[in-house]
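Structural characterization, general
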Amino acid sequence: MLIIGALFLYAILVGVVGDRWLARAAWVARSPRTALYVWHTCTLTFLVTVASVLVLTAHDLWEHAVVWLFHADKPQVHAVYSGSWHIDAVADAATTLLLAAMVMTAVLAVRRIRDSRREQGRHRLVTDALAAYGPGPLRRVRILEDPVPAAFCIPGSRRDGRIVLTRGALALLTADQVAATVAHEQAHLRFRHHAAIVLANVATVAVGWSGALRNYAGQVRRLAEMAADDHAATEHGRRTLASALLEMCTVPETGGGALPAMTGADPAERIRRLIAPAPSRTGRVPRALAAGAVTVLVAVPATLALAPAVMIADTAHCPPRCHPGPEH
């Protein structure tokens, strides 16, 4: 019971407190790629911890697994994980809830991924039918004959991915701004931001009603745009990219939820970030600290759940005097 309570509190700490803290932290805008890594790890940790709580509450499932995997004595396993607290109705409810949550999440994920791919397919068909490859440096970019300035990417494999610019964007932007815009969209494709956005939407819809991970989907979209900005600014300069974004920020986002666009989420914040002095590089120390922090995050629920099992491992092979029992 103590282990279940500790895991439950840890899930609240990661999924609710951690979610609020990351959404308000200033450092995430300075290191968006690292922040995305931390966000994804926190979400995975929360989901694993909640699943662990439900599995431990369904005593029989977990106890049989520990007995089989660790060759532990069944009475000792029950004493460590359940003690005197064992209510069949609660265990059955936990088992049912775990299975229902797994099925509902899987169905939701499949539907979101299917809808995303259908939308991408429609955009790809329209682009292939109406757009032609650009000249010179834009030979891998599709140019759409549309006077409205827009730039977006259509996710897919290396063969199926598309970067699309409208004729209006080419007329509006300088050559350097066009190159920066294309680099921004290439970053979305290279780092598969679209997949992260879809999965973040699934996680937020699945558990956001509980108060956990409410900011996850919005923050993934926000940080994906910043990460793409950083990638493009490395090659073409922060001011060039900021000026291109400023020229196009009044254009509505193109492509829907599954197609990251140049203007993206909150262009004003991104422009302010790009024209501000570039953050000083502090080497690999922050990344190492982030890697250590997320390792600890993931290790805590596994340690809480498995430490007692490790301590009583192989007790099933002990002679009778190894097991505690009443003295005669």
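A brief report on the enclosed structure follows.

Definitions and cut-offs
- For every chain, the first residue of its written sequence is number 1, and the numbers climb from 1 along that sequence.
- pLDDT decides what is reported in this predicted model: residues at 70 or higher carry local features, side-chain atom pairs at 80 or more are listed and counted, and totals for whole chains, interfaces and linings draw on all residues regardless.
- To get the side-chain values, all heavy atoms of the structure are used, and hydrogens and water are removed first.
- Per the convention used, a helix needs a DSSP run of H or I reaching at least four residues, while a strand needs a run of E reaching at least two, with both numbered from the N terminus.
- Relative accessibility under 20% of the residue-type maximum defines a buried residue, over 50% an exposed one, and the middle range a partly exposed one, all with a 1.4 Å probe and only protein chains included.
- Any two residues having at least one pair of non-hydrogen atoms within 4.5 Å are treated as being in contact.
- To measure how exposed things are, a 1.4 Å probe is used in the Shrake-Rupley method; for residues, cover is taken only from the protein chains shown.
- By this rule the span expected of a helix is its residue count minus one, scaled by 1.5 Å.
- Think of it this way: DSSP has to see at least two bridges between two strands before they count as a pair.
- Interaxial angles span 0 to 180 degrees and are taken between N-to-C directions of axes, which are lines fitted to C-alpha atoms, for helices over the stretch in contact.
- Only centres within 6.5 Å qualify two rings of Phe, Tyr or Trp (six-membered ring in Trp) as a pair; their planes then separate them into stacked at under 30 degrees, edge-to-face at over 60, and tilted for everything else.
- Criterion for a charge above a ring: Arg CZ or Lys NZ at most 6 Å from the ring centre, at most 35 degrees from the ring normal.
- For this analysis, a salt bridge means a side-chain nitrogen from Lys or Arg found within 4 Å of a carboxyl oxygen belonging to Asp or Glu.
- These descriptions rest on fixed angle ranges, namely under 35 degrees for roughly parallel, over 145 for roughly antiparallel, 65 to 115 for roughly perpendicular, and the rest for oblique.
- In a left-handed crossing the near helix is turned counterclockwise from the far helix by less than a right angle, and in a right-handed crossing that turn is clockwise.
- Throughout this entry, Asp, Glu, Lys and Arg are counted as charged residues, while Ala, Val, Leu, Ile, Met, Phe, Trp, Tyr, Cys and Pro are counted as nonpolar. The remaining residues, Gly among them, count as polar.

Details of the overall build of the protein
Secondary structure summary: the protein contains 13 helices and four strands in total. A buried classification covers 44% of the 328 residues belonging to the protein. For the protein, long-range pairs separated by at least 24 residues make up 70% of all intrachain contacts whose partners lie at least 6 apart in sequence. In the structure as shown, the protein presents an accessible area of about 17800 Å², 64% of it carried by carbon and sulfur atoms.

What about helix 8 (residues 175-190)?
In an α-helix there are 3.6 residues to a turn, and that puts residues three or four apart on one side. For helix 8, built from 16 residues, the straight-helix expectation of 22 Å at 1.5 Å per residue is met to within 8% by its first-to-last C-alpha distance of 22 Å. Every buried residue of helix 8 is accounted for by Gln-177, Val-178, Ala-180, Thr-181, Val-182, Ala-183, His-184, Glu-185, Ala-187 and His-188. Downstream of helix 8 by a residue or two, Arg-192 has a phi angle that is positive, lying close to 55°.

Considering the sheet that holds strand 4 (residues 162-166)
Strand order in the open sheet formed by four strands is 1-2-4-3, and the pairing between neighbours is mixed. Bordering the open sheet on either side are strand 1 (131-133) and strand 3 (151-154), each of which pairs with just one other strand. Neighbour-to-neighbour, the strand axes of the sheet open up by a mean angle of 30°, direction not taken into account. Two strands pair when backbone bridges link them, and strand 1 and strand 2 (residues 142-144) are joined in this way by three bridges, in the antiparallel orientation. The partner of Tyr-133 across the bridge, within strand 2, is Arg-142. Helix 8 rests against strand 3 and strand 4 of the sheet, and its axis sits at about 150° to strand 4.

Quick look at the environment of Val-77
Considering the arrangement of structural elements, one finds Val-77 in helix 5 (residues 74-81). Separated by 236 residues in the primary sequence, Val-77 and Ala-313 have C-alpha atoms spaced 9.5 Å apart.

Observations regarding the packing of aromatic side chains
Evaluation of the coordinates by the stated rule reveals two aromatic pairs. Ring centres 6.4 Å apart and planes at 40° place the aromatic pair Trp-21 and Trp-27 in the tilted group. Classification of Trp-21 as exposed rests on a relative accessible area of 51%. Above the plane of the ring of Tyr-133 lies Arg-142, whose end atom (NZ or CZ) is 4.2 Å from the centre.

What about the pairing of strand 3?
Side chains of strand 3 alternate between two faces, with Ala-151 and Cys-153 and Phe-152 and Ile-154 buried alike. Note that strand 3 and strand 4 share four bridges and pair antiparallel. Each bridged residue has a counterpart across the sheet, and for Cys-153 the counterpart in strand 4 is Ile-163.

Digging into the pattern of salt bridges
All chains considered together, the criterion is met by nine salt bridges. Arg-270 is the salt-bridge partner of Glu-225, the closest N and O atoms lying 3.6 Å from each other. A residue pair is termed long-range when its members are at least 10 positions apart, and Glu-225 in helix 10 (residues 216-236) and Arg-270 in helix 12 (residues 267-275) qualify at 45 residues. Through salt bridges with shared partners, a single ionic network connects Asp-128, Arg-142 and Arg-162.

Here's the deal with the packing of helix 1 (residues 2-24) against helix 3 (residues 32-57)
Interaxial distance between helix 1 and helix 3 falls to 9 Å at its minimum, and their mutual angle equals 155°. Relative to helix 3, the element helix 1 is oriented roughly antiparallel. For the element pair helix 1 and helix 3, the recorded crossing hand is left-handed. Of the residues in helix 3, those in contact with Ile-3, Ile-4, Leu-7, Phe-8, Tyr-10, Ala-11, Val-14, Gly-15, Asp-19, Leu-22 and Ala-23 of helix 1 are Val-38, Trp-39, Cys-42, Thr-45, Phe-46, Thr-49, Val-50, Ser-52, Val-53, Leu-56 and Thr-57. Residue composition of the contact of helix 1 with helix 3, grouped by class: 16 nonpolar, five polar and one charged.

Some words on the side chain of Thr-166
The residue Thr-166 is located in strand 4 in this model. On the basis of relative accessible area, Thr-166 is assigned to the buried category, the value being 3%. Ignoring sequence-local partners within four residues, the contact set of Thr-166 consists of Leu-144, Asp-146, Val-148, Pro-149 and Ala-150.

What to know about the environment of Ala-6
By the secondary structure assignment, Ala-6 is in helix 1. A sequence separation of 47 residues divides Ala-6 from Val-53, and the C-alpha atoms of the two residues are 9.2 Å apart.

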